[in-house]
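Fold and geometry: a report
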Amino acid sequence: MTTRTPVGFQQRLGDRLTALAAERAVAPAPVRRRPWVVRHRLPLALAGVAAVGAALTTVAVDRPTTPARATPVQRPQKITTAAYTLQREADGRVRLAIGGPDGRLLDTARLQRDLNRLGVPAVVYAGDPACTVTPTSSGDDAPSATWRIELAKGGKPVLTVRPDRIAAGQHLLVAFPLVRTDPDRAAYVITAGRIDGTPPTCVPAWPQGSSR
């Protein structure tokens with residue numbers, strides 16, 4: 001036995017299905033965007049922070065630094081003590097003027113330091129009565145072009161030196177041979193000369209009365 005569905009019912013069912021299909025075609029289901037925003041906003045924010053961090057790191061690493069300025073060596077132009085005056089001239093010459101004859105006022109160690117401070121590679125000695133080895137000079141062809149000793153008023157000696165004409169490895173040997181044997185006039189007697197290599201340990205003294 002076959003059951004027949006009424007024609008009216010089938011017609012109504014078909015119309016309803018057609019209407020539903022039309023509604024879906026006209027008004028599609030809304031897209032839920034919120035989960036995407038929540039899901040992606042944090043990575044974007046972190047990416048921004050990472051980019052800023054990278055920029056800050058680049059600035060910190062690549063920022064040029066101010067180069068340290070080399071501090072020029074400031075040499076004194078004049079040194080005065082009770083025994084002598086040292087003067088550096090504009091052309092580089094250094095003058096040593098002895099203030100008085102008394103050798104007891106003369107500190108040879110300090111004089112050497114002061115000459116070195118003005119750029120003269122000098123070694124300074126007081127004559128030693130126990131020293132028997134005479135220093136060997138370099139044999140200057142024209143010593144006056146490097147150093148010379150002149151007498152000022154009252155017989156005061158003046159030693160003039162050109163430090164730029166003393167070669168590397170050489171020294172100007174300055175000696176006061178009467179400091180220990182005739183101190184009253186010892187400061188007025190100076191000897192000088194260029195020497196090569198290691199300076200001597202001592203310089204012989206002159207006997208008393210040699211300056212007269």
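For the structure, see preceding data.
Here is a short report on the structure shown in this document.

Within the protein one finds three helices and eight strands. Starting at the N terminus and walking to the C terminus, you meet the elements of the protein as α-α-β-β-β-α-β-β-β-β-β. In the protein, which comprises 212 residues, the share counted as buried stands at 27%. Residue pairs in contact within the protein that sit at least 24 positions apart in sequence constitute 65% of those at least 6 positions apart. For the protein, the exposed surface amounts to about 14600 Å²; the carbon and sulfur share of it is 57%.

Right, let's get into the pairing of strand β2 (residues 84-88). Pairing of strand β1 (residues 78-80) with β2 involves three bridges; the strand directions are antiparallel. Bridge pairing in β2 links K78 to Q87. Examined bridge by bridge, β2 and strand β3 (residues 94-98) share five bridges and lie antiparallel to one another. Among the inter-strand pairings, Q87 is bridged to a residue of β3, identified as R95. Hairpin connection between β2 and β3: a loop of five residues separates the two successive antiparallel strands, and G92 in this loop has a positive phi of roughly 100°.

A separate point is the sheet that holds strand β4 (residues 122-126). Taken in spatial order, the three strands of this open sheet run β4-β7-β8, and their pairing is mixed. Of all strands in the sheet, those bounded by a partner on one side alone are β4 and β8 (191-196). Neighbour to neighbour, the strand axes of the sheet diverge by 25° on average, direction disregarded. As judged from the six bridges shared by strand β7 (residues 170-176) and β8, these two strands associate in the antiparallel manner. Counted as the bridge partner of L173 is G193 from β8. Here helix α3 (residues 108-117) sits on the sheet in contact with β4 and β7, set at roughly 165° to β4.

Next up on the list: the sheet that holds strand β5 (residues 147-151). Taken in spatial order, the five strands make up an open sheet running β1-β2-β3-β6-β5, and their pairing is antiparallel. At either end of the open sheet lies a strand with only one pairing partner, and these are β1 and β5. Averaged over all pairs of adjacent strands, the angle between their axes in this sheet comes to 15°, without regard to strand direction. As defined by bridge partners, β3 adjoins strand β6 (residues 157-161) across four bridges and the pair is classed as antiparallel. Within the sheet, the bridge partner assigned to R95 lies in β6 and is T160. Here α3 sits on the sheet in contact with β1, β2 and β3, set at roughly 10° to β2.

Time to look at the nonpolar core. Within the largest apolar cluster, 29 residues are counted, with the highest numbers of intra-cluster contacts made by Y84, L86, I98, L111, L115, L172 and F176. Listing elements by their share of this core, those giving two or more residues are β2, β3, α3, β4, β6 and β7. Not counting the four nearest positions on each side in its chain, I98 is found in contact with A83, Y84, K156, P157, F176, A187, Y188 and I190. Judged by nonpolar contacts, the second largest core, of six residues, contains V123, Y125, L173 and A175.

Cut-off values and rules
Residues numbered from 1 in each chain as written. Predicted model: local features only at pLDDT ≥ 70, side-chain atom pairs only at ≥ 80, totals over all residues. Heavy atoms only, no water. Helix = DSSP H or I, 4+ residues; strand = E, 2+ residues; numbered from the N terminus. Buried < 20%, exposed > 50% of the residue type's maximum accessible area, 1.4 Å probe, protein only. Contact = heavy atoms within 4.5 Å. Areas by Shrake-Rupley, 256 points an atom, 1.4 Å probe, with all protein chains shown as cover. Pairing = 2+ DSSP bridges. Axes fitted to C-alpha atoms, helices over the stretch in contact; angles between N-to-C directions. Core = buried A, V, L, I, M, F, W, Y, C linked by side-chain atoms within 4.5 Å.

Shape descriptors only; they carry no functional weight alone.
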